[in-house]
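# Summary of structural features
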Amino acid sequence: DSRGRYRTLVQEMKRRSLSVPWTAFFKPSAELDGAIIEVMRETGLHAAELGSDAPTDATLRGIGKDFLFRDVERCNSMFLDQGVATAHFFMFGCPGETRETVEEGIANILSLQKAAIFVFMGIRILPGTGLVKIAVRDGLLREGQSLLEPTYYISPKVERQWMENALEESFAKTRHVVFPPDALDSKLQLLIKLGFKGSLWDLLVKSKAPRTRATQAGSA
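Residues numbered from 1 in each chain as written. Predicted model: local features only at pLDDT ≥ 70, side-chain atom pairs only at ≥ 80, totals over all residues. Heavy atoms only, no water.

## Digging into the packing of helix α5 (residues 99-111) against helix α7 (residues 160-171)
The relative placement of two packed helices comes down to the angle between their axes together with the axis-to-axis distance. Taken N-terminus to C-terminus, the directions of α5 and α7 make an angle of 20 degrees; their axes are 11 Å apart at the nearest point. Overall, the two elements α5 and α7 adopt an arrangement that is roughly parallel. Read as a crossing pair, α5 and α7 show a hand that is right-handed. Contacts from R99, V102, E103, I106, I109 and L110 in α5 reach W162, M163, A166, L167, S170 and F171 in α7. Residues belonging to the contact of α5 with α7 are distributed by class as follows: nine nonpolar, one polar and two charged. (Axes fitted to C-alpha atoms, helices over the stretch in contact; angles between N-to-C directions. Helix = DSSP H or I, 4+ residues; strand = E, 2+ residues; numbered from the N terminus. Parallel < 35°, antiparallel > 145°, perpendicular 65-115°, else oblique. Left-handed = near helix turned anticlockwise from the far one by under 90°. Contact = heavy atoms within 4.5 Å. Nonpolar A, V, L, I, M, F, W, Y, C, P; charged D, E, K, R; others polar.)

## Overview of the pairing of strand β1 (residues 22-26)
Of the pairings in the sheet, the one linking β1 to strand β2 (residues 45-53) comprises five bridges and is parallel in character. Looking across to β2, one finds that F26 is bridged to L50. Each parallel crossover has a hand, and for β1 linked through helix α2 (residues 34-42) to β2 it is right-handed. (Pairing = 2+ DSSP bridges. Right-handed = clockwise from strand over helix to strand, strands pointing away.)

## Notes on the packing of aromatic side chains
Tallied over the full model, the rule gives four aromatic pairs. Arranged with centres 6.1 Å apart and planes meeting at 35 degrees, the rings of F25 and F89 form a pair that is tilted. Here F25, found in strand β1, pairs with F89, found in strand β3 (residues 85-92); they are 64 residues apart in sequence, far enough to count as distant. We classify F89 as partly exposed; its relative accessible area is 21%. Measuring from centroid to centroid gives 5.3 Å for F89 and F118, while their planes differ by 15 degrees, and the two rings are stacked. Of this pair, F89 sits in strand β3 while F118 sits in strand β4 (residues 115-121); the two residues are 29 residues apart in sequence, bridging distant segments of the chain. Through pairs of rings, three or more aromatic residues link up here, namely F25, F89 and F118. (Phe/Tyr/Trp six-rings, centres within 6.5 Å; stacked < 30°, edge-to-face > 60°. Buried < 20%, exposed > 50% of the residue type's maximum accessible area, 1.4 Å probe, protein only.)

## Here we look at the pattern of salt bridges
Considering all chains together, one arrives at eight salt bridges under this definition. E12 serves as the salt-bridge partner of R15, at 2.7 Å between the closest nitrogen and oxygen. On the criterion of helical spacing, the pair formed by R15 and E12 is a turn pair, its members being three residues apart in helix α1 (residues 6-15). Judged by its relative accessible area of 61%, R15 is exposed. Here the salt bridges do not stand alone but share partners, grouping R7, E31 and D33 into one network. (Salt bridge = Lys/Arg side-chain N within 4 Å of Asp/Glu carboxyl O.)

## Describing the environment of K27
Within the secondary structure, K27 sits in the loop between β1 and α2. Residue K27 is classed as partly exposed on the basis of its relative accessible area of 36%. Expressed as a C-alpha distance, the spacing of K27 and S2, which sit 25 residues apart in the sequence, is 8.4 Å. Apart from residues no more than four positions distant in its own chain, K27 is found in contact with L32, D66 and F67. For K27, the side chain forms a polar contact with the side chain of D66, separated by 2.9 Å. (Polar contact = N/O pair within 3.5 Å; in protein donor to acceptor, adjacent residues only side chain to side chain.)

## Here's the deal with the packing of α1 against α2
Here α1 crosses α2 at 45 degrees, and the two axes come no closer than 9 Å. Classified by the interaxial angle, the pair formed by α1 and α2 is oblique. Considering only the axes of α1 and α2, their crossing is left-handed. Within the contact between the two elements, α1 uses Y6, R7, V10, Q11 and K14 and α2 uses I36, V39, M40 and E42. Partitioned by chemical class, the residues of the contact of α1 with α2 number five nonpolar, one polar and three charged.

## Some words on the sheet that holds strand β7 (residues 177-178)
Ordered by their spatial adjacency, five strands build an open sheet running β1-β2-β3-β4-β7, and the pairing between neighbours is parallel. Single-partner strands in this sheet number two, and they are β1 and β7. Examined bridge by bridge, β3 and β4 share seven bridges and lie parallel to one another. In the sheet register, M91 faces β4, and the bridge partner there is F120.

These values are about where atoms sit, not about what they do.
Rendered as structure tokens:
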């Protein structure tokens with residue numbers, strides 16, 4: 001919502017003195033500012049998921065985004081300043097990805113403070129998207145090829161196995177960065193069995209205060 005229409009809803013919640021636990025998915029946009037985030041927190045926002053998408057300016061341009069990594073850093077800091085937990089989702093292998101951008105992206109991700117981060121490799125190619133034309137241009141897709149079965153784009157400028165190894169080695173011992181994504185499954189299942197409720201990814205951030213366990217009766 002780059003036009004900021006959500007502000008009307010948030011301000012109305014504040015006018016009615018409503019405060020209910022809620023989360024939202026955000027674009028790291030220049031439209032966001034500390035003042036509106038403060039109002040959102042007052043109305044119950046406790047976690048923000050950011051579609052940060054790619055961890056370098058080059059790969060953000062490659063997928064047609066209109067923000068830069070510095071905008072990701074700025075938004076992350078603004079939410080943290082208001083005590084709102086953050087999660088980011090990043091893709092590697094975007095158009096324009098090279099060994100150099102992979103290394104830069106890893107460094108950028110590790111520089112983000114107090115955030116849970118989920119890293120993916122490859123982008124699913126969906127019909128009617130600009131990525132189809134790019135994949136055909138790069139020889140990864142045939143003109144008119146069916147996309148009923150999942151087909152993923154990974155930049156031909158970077159060797160897939162090298163990139164996968166680099167990501168695994170860089171994030172293996174980093175608690176708050178999850179790669180591959182299914183590495184979190186067993187951890188979340190254990191937390192649910194122990195009675196934790198709500199969005200559990202914020203438990204990955206070490207400095208986050210421990211979440212109160214639900215009673216047995218209230219467990220899902």
